[in-house]
Amino acid sequence: RHAALVVSTSHDWDQIPSAMASYLHTPHTWRTNTQEGIQMADQARAVSSSLSRLAVELKDKTSSHQVQARQMVDRNLETKIDKTEQLRSMLEQALKAVNTEMEAVSKVQQELEAFLADQEAALAWSSQQQDTRATERPVRERTDDTTQYSFAKMSNVVSMNINNVKKLILGCRADTIKLVEVRRKLEKDMQEKSYALGLDTEAVQASEDRAPTPFYVPPSTVGVPMTMGSWVKATEENCLLADRCIQNGERMRHLSNIKMQEHKAAEHKAVKAALLELRNNKAATEKLSKELQKCISETEEKIKAGEGTHSELQEALTAKYPSMDLTKHRFTHRVYGTPADNRPEKELMGDFVHQSLRDEYTYLDKASQQLYDRISQVQTDISFLESASTQLKDDLTDKQLHLSIDKKVEESAMSKYPAL
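Since we're looking at a predicted model, the values are computed, not measured.

Basis of the calculations
- Sequence order sets the numbering: in each chain, residues are counted from 1 along the sequence as written.
- Side-chain atom pairs in this predicted model are given and counted only at pLDDT of 80 or more, local residue features only at pLDDT of at least 70, and totals for whole chains, interfaces and linings cover all residues.
- No hydrogens and no water enter the side-chain calculation; it runs on all heavy atoms of the structure.
- Runs of H or I in DSSP of at least four residues are treated as helices and runs of E of at least two as strands, each being numbered from the N terminus.
- Summary of the burial criterion: residues with accessible area below 20% of their type's maximum are buried, those above 50% are exposed, and those between are partly exposed, where the area comes from a 1.4 Å probe applied to protein chains only.
- Surface exposure here means Shrake-Rupley accessible area, sampled with a 1.4 Å probe, where a residue is shielded only by the protein chains that are shown.
- As a per-residue measure, pLDDT tells how confident the predictor is, with possible values from 0 to 100.
- Two residues form a contact once any of their heavy atoms are found within 4.5 Å.
- To obtain an axis, a line is fitted to C-alpha atoms, over the contacting stretch when the element is a helix, and the angle between two such axes runs from 0 to 180 degrees between their N-to-C directions.
- Should an angle lie under 35 degrees it is considered roughly parallel, over 145 roughly antiparallel, and from 65 to 115 roughly perpendicular; all remaining angles are considered oblique.
- In this classification, Asp, Glu, Lys and Arg are treated as charged, Ala, Val, Leu, Ile, Met, Phe, Trp, Tyr, Cys and Pro as nonpolar, and every other residue, Gly included, as polar.
- Centres within 6.5 Å make a pair out of two Phe, Tyr or Trp rings, where for Trp the six-membered ring is used; the pair is then stacked when the planes are under 30 degrees apart, edge-to-face when over 60, and tilted otherwise.
- Counted as over-ring charges are cases with an Arg CZ or a Lys NZ within 6 Å of the ring centre that also lie within 35 degrees of the ring normal.
- Throughout, nonpolar core names a set of buried Ala, Val, Leu, Ile, Met, Phe, Trp, Tyr and Cys residues whose side chains join them through atoms within 4.5 Å.
- One side-chain nitrogen of Lys or Arg within 4 Å of one carboxyl oxygen of Asp or Glu is enough to make a salt bridge.
- Distance thresholds for patches are 9 Å for like charges and 5 Å for nonpolar side chains (Val, Leu, Ile, Met, Phe, Trp, Tyr), applied to residues having over 30% relative accessible area and no salt bridge.
- Should the near helix be turned anticlockwise from the far one by less than a right angle, the crossing is termed left-handed; should it be turned clockwise, right-handed.

Quick word on the overall build of the chain
Then comes step 1: Along the backbone of the chain there are six helices and zero strands.
Then comes step 2: Each helix (α) and strand (β) of the chain, taken in turn from the N terminus, gives the series α-α-α-α-α-α.
Then comes step 3: Scored against the burial criterion, the 420 residues of the chain give a buried share of 26%.
Then comes step 4: For the chain, the accessible surface area stands at approximately 28600 Å², while carbon and sulfur atoms represent 56% of it.

A short note on the confidence of the model for the chain
Then comes step 1: Per-residue pLDDT for the chain has a mean of 84; in total, 85% of the residues score no lower than 70.
Then comes step 2: The spread of mean pLDDT over the elements of the chain runs between helix α1 (residues 3-7), the lowest at 44, and helix α4 (residues 146-205), the highest at 92.
Then comes step 3: Contacts from residues 1-11, a stretch scored under 50 in pLDDT, to residues over four places away or in other chains number five contacts.

Focus: the packing of helix α3 (residues 27-135) against helix α6 (residues 352-416)
Then comes step 1: Running from amino to carboxyl end, α3 crosses α6 at an angle of 170°, the nearest separation of the two axes being 10 Å. Taken as axis vectors, α3 and α6 run roughly antiparallel relative to one another. For the pair α3 and α6, the contacting residues are Ala 121, Ala 122, Trp 125, Gln 129, Thr 132 and Arg 133 in the first and His 402, Ile 405, Asp 406, Lys 408, Val 409, Ser 412, Ala 413 and Lys 416 in the second.
Then comes step 2: Counted by class, the contact of α3 with α6 contains six nonpolar, four polar and four charged residues.

As for the environment of Gln 377
Then comes step 1: The residue Gln 377 is located in helix α6 in this model.
Then comes step 2: For the pair Gln 377 and Gly 306, spaced 71 residues apart in sequence, the C-alpha separation works out to 10.0 Å.

Topic: the packing of aromatic side chains
Then comes step 1: Taken as a whole, this structure holds two aromatic pairs when the rule is applied.
Then comes step 2: Three or more aromatic residues joined by ring pairs form one cluster here, namely Trp 125, Phe 151 and Tyr 417.
Then comes step 3: Taking NZ or CZ as reference, Lys 80 lies 4.1 Å from the ring centre of Trp 231, over its face.
Then comes step 4: A cation over a ring is seen here: Lys 416 above Tyr 417, with NZ or CZ 5.7 Å from the ring centre.

Quick look at the nonpolar core
Then comes step 1: Among the nonpolar cores identified, the biggest contains 39 residues, and Val 98, Leu 112, Met 154 and Leu 186 are the most heavily contacted of them.
Then comes step 2: At the level of secondary structure, the elements contributing two or more residues to this core comprise α3, α4, α5 (228-336) and α6.
Then comes step 3: Membership of the second largest hydrophobic core comes to seven residues, among which are Leu 317, Leu 371, Ile 375 and Ile 382.

Re the environment of Leu 403
Then comes step 1: Mapping Leu 403 onto the fold places it in helix α6.
Then comes step 2: Leu 403 sits 114 residues away from Ser 289 along the chain, and the two C-alpha atoms are 9.2 Å apart.
Then comes step 3: Setting aside its immediate chain neighbours within four residues, Leu 403 contacts Lys 282, Thr 285 and Glu 286.

Here we look at the pattern of salt bridges
Then comes step 1: Counted by the stated rule, this structure contains 21 salt bridges.
Then comes step 2: Between Asp 398 and Arg 140 there is a salt bridge, and its shortest N-O distance comes to 2.8 Å. Of this pair, Asp 398 sits in helix α6 while Arg 140 sits in the loop between α3 and α4; the two residues are 258 residues apart in sequence, bridging distant segments of the chain.
Then comes step 3: Given the relative accessible area of 16%, Asp 398 is considered buried.
Then comes step 4: The partner of Glu 300 in a salt bridge is Lys 393, with the nearest N and O atoms 3.2 Å apart. Of this pair, Glu 300 sits in helix α5 while Lys 393 is found in helix α6, placing the two residues 93 residues apart along the sequence.

A look at a nonpolar patch on the surface
Then comes step 1: A cluster of nonpolar side chains, namely Val 47, Leu 51 and Leu 54, defines an oily patch on the protein surface of about 270 Å² accessible area.
Then comes step 2: On the secondary structure map, Leu 51 appears in helix α3.

Remarks on the packing of α3 against α4
Then comes step 1: At a minimum axis separation of 6 Å, α3 and α4 run at an interaxial angle of 165°. As judged from the angle between their axes, α3 and α4 are roughly antiparallel. Classified by chirality, the crossing of α4 by α3 is left-handed.
Then comes step 2: For the contact of α3 with α4, the per-class residue count stands at 34 nonpolar, 16 polar and 15 charged.

Considerations on the environment of Ser 323
Then comes step 1: Examined against the element boundaries, Ser 323 turns out to sit in helix α5.
Then comes step 2: Ser 323 gets classed as partly exposed once you look at its relative accessible area, which sits at 32%.
Then comes step 3: Sequence separation between Ser 323 and Leu 364 is 41 residues; the distance between their C-alpha atoms is 7.6 Å.

Laid out in structure tokens, this is it:
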């Protein structure tokens with residue numbers, strides 16, 4: 001705006017009013033200001049060019065860094081996904097092994113429970129056989145023989161088997177509880193791995209054109225994130241715990257199978273011993289029964305012979321009575337005469353006839369007494385033989401009943417243990 005004044009300077013500076021001269025620049029100042037403006041514009045253009053170049057370089061650099069960071073994130077996500085899938089596969093295998101072991105332990109536990117029921121039935125059977133032989137046998141046959149001892153020993157063996165099997169069942173239940181707890185941990189870990197795998201997969205597949213996500217501020221209850229090593233170690237420890245539980249289950253199953261075989265063998269051994277003693281006792285009873293039958297037959301024969309002798313002696317004694325009566329009559333008739341008259345006194349003499357009659361009567365009386373004594377003795381012998389025969393028959397009856405009970409016990413044993 002001062003250009004007109006500056007250009008039209010045909011008048012002398014002295015002629016310019018003093019009021020106008022107060023705001024006019026000098027030519028030097030005017031040129032200096034213009035040059036400074038040009039320099040400032042040049043500097044501004046230079047700075048602008050530098051800023052543009054730096055902006056382009058920054059843009060390229062940030063783009064390159066963004067691509068590298070994106071690639072790094074993608075590689076880390078892929079690595080994490082691969083590791084997660086690997087750990088999840090480990091968990092799946094461990095979980096499958098745990099389920100298989102649980103089924104095996106459950107099967108062995110069922111076998112142990114069935115074996116326990118079998119052993120309890122064997123104990124009841126053994127006690128029943130002892131009670132049968134102790135109560136049903138006749139009093140004469142109630143002996144504490146080796147058969148009773150064998151059945152008592154069998155009861156002790158089976159009782160110990162029952163106690164051991166109960167302990168094994170408790171061990172199986174404890175292993176099952178541990179396996180259930182391990183399975184719960186594995187399932188939880190695998191569920192978390194699957195969820196994390198889904199999140200990482202979604203992160204890989206996410207694009208820039210998706211809706212913006214607000215910045216997430218974790219609550220104060222969230223703990224410190226796990227490191228990669230601790231994250232892997234936690235899963236490996238779960239798998240290792242599952243392996244230890246599986247090994248314990250396998251040892252328990254192996255021990256249970258061995259113990260069941262040993263207990264069954266011990267039971268069969270005890271049953272065999274009891275059967276052997278029972279058969280030996282039965283053979284001894286049969287032998288005694290035959291001896292009793294033979295003795296009874298011989299005693300019956302002796303009784304029959306004694307009865308025959310008794311009849312003969314009785315007949316002989318009866319035959320003596322007429323002779324004694326005749327001798328007595330003759331002696332009385334000669335001495336005393338008829339019933340009306342006595343023999344004359346001077347005819348009473350101890351002649352040979354008198355002496356012979358006395359001797360004959362004495363002999364007949366003595367022989368009769370001897371016959372009577374012998375008849376009494378024979379009768380006593382017959383009574384004793386009859387009493388002995390009765391006792392032998394009672395003993396034989398008891399032996400036969402004893403034998404029938406032992407046969408019933410043997411049949412029961414062969415029915416319960418057909419392999420023996």
